[in-house]
Amino acid sequence: VPSTDELVSSILRGSRLALAQSLTLVENDEPNGYAILNQLFPYTGRAHLIGVTGAPGTGKSSIVNQLALQYSQRMEGSPARRVAIIAVDPSSPFTGGAFLGDRIRMRDLAGNPNVFIRSMASRGSLGGLAAGTSGLVQVFDAAGYDVIMIETVGAGQAEVDIARLAHTTLVIESPGLGDDIQAIKAGILEIADLLVINKADYPGVENTERALRANLELATNGQVATTNGQVVEGSGTTAWLPTILRTIATEGAGITELMQEIERHQQHLLQSGEWQRRERERLHIELENLLRETLVARWRATLPAASYQEVLSDLVSRRISHHQAVELLLERKEG
Ligand SMILES: Nc1nc2c(ncn2[C@@H]2O[C@H](COP(=O)(O)OP(=O)(O)O)[C@@H](O)[C@H]2O)c(=O)[nH]1
Ligand SMILES: [Mg+2]
């Protein structure tokens, strides 16, 4: 087993094996994982983090694969980019058909030295799914991956939290969910930098786009980009309004335009100072989460399990209130 020092220097030299081993240590919350993150952290802060979220089956994995293919073999004067994909699925990846489907499509990318795919199913990490994802992102970033795409199912708060940690968030939608688009929650529209209507080969695209625009208008207080790619000036600052794009991921249609739009968003972030602001916000949230989790974990380790159950029973029987329960537990620890 290589030492953490060896793993770190191998990662920095580009070893995929050391990268894979380190990702596992980090994902499993191993002490060696923390040691690796401590050493790698100064090398992070360069990657473009792209969150990709949306309901199951809308085509997130297909889009991520297409983007990875294009990024990793770029032409027209711009160099190929190194791309990491983190697929976060809180449900077990071994149930349902999605996993098999993902694996088959991933074959396009297998063996591509510029692409590294990692799926993450565990919720066990200290600080939950978002913290676990953040650790993997740091390792990829330090390893020199230019673009890190994080695919999450836009179903719960944890997934929204992860998307919020990205620089650029794509929300994927697809036709056929009915005119009302129940799947689009206001919360998810608010985090969208780009809205993608995938499966544009399906009937009902027009309806989907109309409904999306209406919802978006509500979410952005009546402001909405009338044509794709519009950036509006308001009160002296440049604002970004989410763009709506159409793709057919299975045919690769619209992917080049999507990539251009992602790059345009990155330019907007850099030029407006929003990139720095998001970086600071992300690190702030991560620090807060880790601090909270660590404090609770340390405190719990000093508390006899029976004490907690006693206090819980008193709460259940209404002998004490929530606040009294907390006071009691904190006193017990000190005593
Ligand atoms: N007709 C059509 N099918 C698509 C398109 N994109 C993805 N699919 C199919 O939709 C299914 C779900 O795609 P997937 O990428 O796994 O969706 P995810 O659950 O959001 O990751 C798969 O069978 C894909 O082949 C598209 O643009 N058009
Ligand atoms: Mg998927």
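One structure accompanies this document, and this report is about it.

### Observations regarding the coordination of the magnesium ion (ligand 2)
For the magnesium ion (ligand 2), the full set of protein donor atoms is Ser61 (OG) and Glu151 (OE), and the range of their distances to it is 2.1 to 2.2 Å. Here serine 61, found in helix H4 (residues 60-72), pairs with glutamate 151, found in strand S4 (residues 147-153); they are 90 residues apart in sequence, far enough to count as distant. Taking relative accessible area as the criterion, glutamate 151 reaches 10% and is therefore assigned buried.

### Topic: unusual backbone geometry
Even without being a glycine, lysine 199 presents a positive backbone phi close to 60°. Looking at lysine 199, the relative accessible area reads 22%, which means it is partly exposed. Backbone geometry places arginine 318, a non-glycine residue, at a positive phi of 65°. One can find arginine 318 in the loop between helix H12 (305-316) and helix H13 (322-334). Of the residues examined, arginine 318 reaches a relative accessible area of 71% and is grouped as exposed.

### Some points on the sheet that holds S4
Reading across the sheet, the 7 strands line up as S3-S2-S4-S1-S5-S6-S9 and stay open at both edges, with parallel pairing between neighbours. The sheet is open, and its two borders are formed by strand S3 (115-120) and strand S9 (243-246), each paired with just one other strand. When the angles between neighbouring strand axes are averaged without regard to direction, this sheet yields 20°. Strands strand S1 (48-54), strand S2 (83-88), S3, S4, strand S5 (168-173) and strand S6 (194-197) of the sheet are contacted by H4, whose axis makes an angle of about 175° with S4.

### Overview of the pattern of salt bridges
Inspection of the entire model under this criterion finds 13 salt bridges. Between aspartate 193 and arginine 278 there is a salt bridge; the shortest N-O distance is 3.3 Å. Taken as a pair, aspartate 193 in the loop between helix H8 (186-190) and S6 and arginine 278 in helix H11 (residues 274-301) lie far apart in primary sequence, 85 residues in all. A residue is classified by how much of its surface remains accessible, and arginine 278, at 22% relative accessible area, is partly exposed. Each member of the salt-bridge network shares a partner with another, and the members are Asp193, Glu274, Arg277 and Arg278.

### Regarding the nonpolar core
Ranked by size, the top nonpolar core spans 32 residues in total, and within it Leu19, Val139, Phe140, Tyr145 and Ile148 carry the most contacts. Contributing elements (two or more residues each) for this core: helix H1 (4-12), helix H2 (16-27), helix H3 (31-40), S2, S3, helix H6 (128-142) and S4. Setting aside its immediate chain neighbours within four residues, leucine 19 contacts Ile11, Phe116, Val139, Phe140, Ala143 and Tyr145. Core analysis: the second largest hydrophobic core is formed by 24 residues, Ile63, Ile85, Leu109 and Leu258 among them.

### Quick notes on the packing of aromatic side chains
Note on aromatic pairs: each is described by the distance of the centres and the angle between the planes. Tallied over the entire structure, the rule returns 2 aromatic pairs. Between phenylalanine 140 and tyrosine 145, the aromatic rings sit 5.4 Å apart at their centres with planes inclined by 80°, giving edge-to-face as the arrangement. Across this residue pair, the class does not change: phenylalanine 140 and tyrosine 145 are buried. Aromatic ring contacts, followed pair by pair, group Phe116, Phe140 and Tyr145 into a single cluster. The aromatic ring of tyrosine 145 is capped on one face by arginine 82, whose charged end is 4.4 Å from the ring centroid. Over the ring of tyrosine 308 we find arginine 300, and its NZ or CZ is 4.8 Å from the ring centre.

### Quick notes on the packing of H1 against H3
Two numbers describe how H1 lies on H3: the axes approach to 10 Å, and their chain directions differ by 45°. The pairing of H1 with H3 is recorded here as oblique in orientation. Where H1 crosses over H3, the two elements pack in a sense that is right-handed. Side by side, H1 and H3 meet where Thr4, Asp5, Leu7, Val8, Ile11 and Leu12 of the first sit next to Asn32, Ala35, Ile36, Gln39 and Leu40 of the second. Partitioned by chemical class, the residues of the contact of H1 with H3 number 7 nonpolar, 3 polar and 1 charged.

### Observations concerning the pairing of S2
With 6 of 6 residues buried, S2 is to be regarded as a mostly interior element. Taking every second residue as pointing to the same face, both faces of S2 are buried, with Val83, Ile85 and Ala87 on one and Ala84, Ile86 and Val88 on the other. Summarising the sheet, S2 and S3 pair through 6 bridges and their orientation is parallel. Within S3, the position partnered with isoleucine 86 by the bridge is arginine 118. As judged from the 6 bridges shared by S2 and S4, these two strands associate in the parallel manner. In the sheet register, isoleucine 86 faces S4, and the bridge partner there is isoleucine 150.

### Considerations on H11
Working note: α-helix, 3.6 residues per turn, so residues spaced by three or four point in the same direction. With 28 residues, H11 should reach 40 Å at 1.5 Å per residue; the first-to-last C-alpha distance of 40 Å fits that figure. For H11, the complete set of buried residues consists of Glu274, Trp275, Glu279, Arg282, Glu286 and Trp299.

Thresholds, definitions, all that
Residues numbered from 1 in each chain as written. Chains lettered and ligands numbered in written order. Predicted model: local features only at pLDDT ≥ 70, side-chain atom pairs only at ≥ 80, totals over all residues. Heavy atoms only, no water. Donors = N, O, S within 2.8 Å, 3.2 Å for Na, K, Ca; no water. Helix = DSSP H or I, 4+ residues; strand = E, 2+ residues; numbered from the N terminus. Buried < 20%, exposed > 50% of the residue type's maximum accessible area, 1.4 Å probe, protein only. Pairing = 2+ DSSP bridges. Axes fitted to C-alpha atoms, helices over the stretch in contact; angles between N-to-C directions. Contact = heavy atoms within 4.5 Å. Salt bridge = Lys/Arg side-chain N within 4 Å of Asp/Glu carboxyl O. Core = buried A, V, L, I, M, F, W, Y, C linked by side-chain atoms within 4.5 Å. Phe/Tyr/Trp six-rings, centres within 6.5 Å; stacked < 30°, edge-to-face > 60°. Lys NZ or Arg CZ within 6 Å of the ring centre and 35° of its normal. Parallel < 35°, antiparallel > 145°, perpendicular 65-115°, else oblique. Left-handed = near helix turned anticlockwise from the far one by under 90°. Nonpolar A, V, L, I, M, F, W, Y, C, P; charged D, E, K, R; others polar. Expected span 1.5 Å × (residues − 1).

Any functional reading would require information beyond the geometric quantities listed.
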